[in-house]
Amino acid sequence: MANVLKLKCSVCGREFSPDEVQYTCPVDGQIGTLDVLYDYDALKSTIDRDALSHELSMWQTSMWRYKALLPISPDATVPDLRVGYTPLYASSKLTVDLGVRQAYIKDDGLNPTGSLKDRASALVVARAAEANIEIVSTASTGNAAAALAGMCAGMGDAIHAIIFVPASAPEAKIAQLLVYGATVVLVEASYDVAFDLCYELCLSEGWYCRNTGINPYTVEGKKTVAYEIAEQLAWDVPDVVIVSVGDGNIIAGVHKGFSDLLELGWIERIPRLIGVQAEGSSPLVSAWQKGLDVRDMQPIDAHTIADSISAGLPRDRSRALRAVRETSGALIAVTDAEIIASIPRLARLTGVFAEPAAAAVYAGAQRAVKLGLIDKEARVALLSTGSGLKDVKRAQESVAGGLRVPPDAQTIRRALHLI
Ligand SMILES: *Cc1c(COP(=O)(O)O)cnc(C)c1O
């Protein structure tokens, strides 16, 4: 075994070669857990500490590596949390499954509070701190609120979050806000009413409002995901980027990010952007198909299990349509059944466990290939916007249960068809 010199029992101190023992100390049994020891003298002569530490500061391995392109001063205080710089995986199984030249998946569920929304909230609280504003507020039942609560916690005592949610919001989501220490106002009305009340109080009390579609800087935080995709591919951007769409603020951010890079001459073209909506909440798909003027869009009664992309009248509809139209992209709808089926499918192909709204990009990618909206020769990046751990209940609906057995090895062998 490369590098490993020996295994040493933590109880009796006996030493074993790595080939000699597989699990615990043969003398002490299971209490004798084994320490793995290396040839430190040999390592000392081959590894240089200074070469390792270079460029690995949290500042560098986060969205703040692009601070020169963000609307904050160079010495601004930002949350002490690693936001952004999430991995972009080149997945061979996903590539074969979709039948394209190369498929990538960007796992933004790995952000501190579990979604891409952290990028926006981190920037918004940094701007609030610069302006000496102590309270930031938002209305949301989900990831944006959790992100704001988490980012405020990451600022120490500097900033406090006040979150407006409809009293009917799922308890698990309210719990995440309370755990981070936010003040949670449960409004006995709909999300839209909570949104308007939040905005009204921000204006009258001087709080900073993070509401999506109100605050212009959420997009500036979210655009960093596009910077990362470009940099992680050595500035040779993919042909297509697929993004799930609710209010349309994320796809607007992705568009802004690539537009900045084109402006700077760092990339040669902007990828085609394909937005994916849930069929029961797809006003942007209809508007795009009908070639509607954004001013003529009417609110619909949105219904989908993918709560993070449920929006009857998307608040950033203007920029979402622009992102798709200007990049010769597309907007497609997928059913709730397809979204639920996508959760285990994507997880098994890539190892990325996505919440329903995020897994929707897989169903969208499949459909786009089938419709001929994505070429077989295309390099395609799927953006996974939120962690599957956000909504374990929906994930459970997508898979069969485990094997329930009595505590008996022979029965288990039979159940697993070993005999
Ligand atoms: C918010 C969110 C979206 C949609 O973003 P919009 O800006 O509303 O279009 C998609 N997926 C997840 C996980 C989200 O939290």
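This text gives an overview of the structure that appears in the document. Computed from a predicted model, the values in this text were never measured in an experiment.

**Section: the nonpolar core**
- Formed by 38 residues in total, the largest nonpolar core has its most connected members in L94, L98, I242, I274, I374, V380 and L382.
- The set of elements that each furnish at least two residues to this core consists of α3 (92–98), β5 (102–107), β10 (240–244), β11 (272–278), β12 (330–334), α13 (336–350), α14 (356–370) and β13 (379–384).
- Sorting elements by how many residues they give to this core places α14 first, with ten residues.
- Here I242 is in contact with I274, V276, V361, A365, I374, V380, A381, L382 and L383, once residues within four sequence places are set aside.
- Counting residues in each nonpolar core, the second largest holds 33 residues, with Y104, I251, L284 and A381 among its members.

**Structural notes on helix α7 (residues 191–205)**
- For α7, spanning 15 residues, the distance from its first C-alpha to its last is 21 Å, which sits close to the expected 21 Å at 1.5 Å a residue.
- Those residues of α7 lying buried are A194, F195, C198 and C202. For α7, the angular spread of buried residues about the axis comes to 105°, placing them on one side. Exposed residues pointing more than 90 degrees away from the buried face of α7 are listed as E200, L203 and S204.
- Looking at the packing, one finds that the buried side of α7 touches β6 (135–139), β7 (160–166), β8 (183–187) and β9 (208–209).
- Positive phi shows up at G206, right after α7, with a value of about 80°.

**Let's talk about the pattern of salt bridges**
- Taken as a whole, this structure holds 20 salt bridges when the rule is applied.
- A salt bridge links R101 to E377; the nearest nitrogen and oxygen atoms lie 3.8 Å apart. Of this pair, R101 sits in the loop between α3 and β5 while E377 sits in the loop between α14 and β13; the two residues are 276 residues apart in sequence, bridging distant segments of the chain.
- By relative accessible area, E377 is classed as exposed at 52%.
- Bridged by salt links that share partners, the residues K106, D108, R119 and E228 form one connected network.

**Section: the site of the ligand**
- Inspection of the region around the ligand gives 16 residues, with K117, G246, D247, G248 and T385 positioned closest.
- A distance of 2.8 Å is found between an oxygen atom of the ligand and a backbone nitrogen or oxygen belonging to N249.
- When the free accessible area of the ligand is taken as 380 Å², the share hidden by the protein chains comes to 96%.
- Here the residues of the shell around the ligand are counted per class, giving four nonpolar, eight polar and four charged.

**A few points about the environment of Q366**
- Within the secondary structure, Q366 sits in helix α14.
- C-alpha separation for the pair Q366 and V334, spaced 32 residues apart in sequence, amounts to 10.0 Å.
- Other than its neighbours up to four places away in sequence, Q366 contacts D97 and L98.

The rules behind the values
What you see as residue numbers is a count from 1 along each chain, following the sequence as written. Thresholds applied to this predicted model are a pLDDT of at least 70 for local features of residues and 80 or more for the giving and counting of side-chain atom pairs; totals over whole chains, interfaces and linings are not thresholded and use all residues. For the side-chain quantities, the full set of heavy atoms in the structure was used; hydrogens and water were omitted. Among buried residues, the Ala, Val, Leu, Ile, Met, Phe, Trp, Tyr and Cys ones that are joined through side-chain atoms within 4.5 Å form a nonpolar core. When a residue's accessible area, from a 1.4 Å probe over protein chains only, is under 20% of the maximum for its type it is buried; when over 50% it is exposed; and in between it is partly exposed. In this text, helices come from DSSP runs of H or I with a minimum length of four residues, and strands from runs of E with a minimum of two, each type numbered from the N-terminal end. Whether two residues touch is decided by their heavy atoms; if any such pair falls within 4.5 Å, the residues are in contact. One less than the residue count of a helix, multiplied by 1.5 Å, gives the span that helix is expected to have. Picture the helix axis, draw a direction to every C-beta atom, and the arc is the one those directions span. The term salt bridge refers to a pairing of a side-chain nitrogen on Lys or Arg with a carboxyl oxygen on Asp or Glu at a separation within 4 Å. Here a residue is considered near a molecule or strand provided that any single heavy atom belonging to it is located within 4 Å of it. Think of a polar contact as two N or O atoms within 3.5 Å of one another; within protein, one of them needs to be a possible hydrogen donor and the other a possible acceptor, and neighboring residues in sequence only count if both atoms come from side chains. Only the protein chains shown count as cover for residues, with accessible areas throughout obtained via the Shrake-Rupley method and a probe of 1.4 Å. In the scheme used here, Gly and all other residues not listed as nonpolar or charged are polar, with Ala, Val, Leu, Ile, Met, Phe, Trp, Tyr, Cys and Pro taken as nonpolar and Asp, Glu, Lys and Arg as charged.

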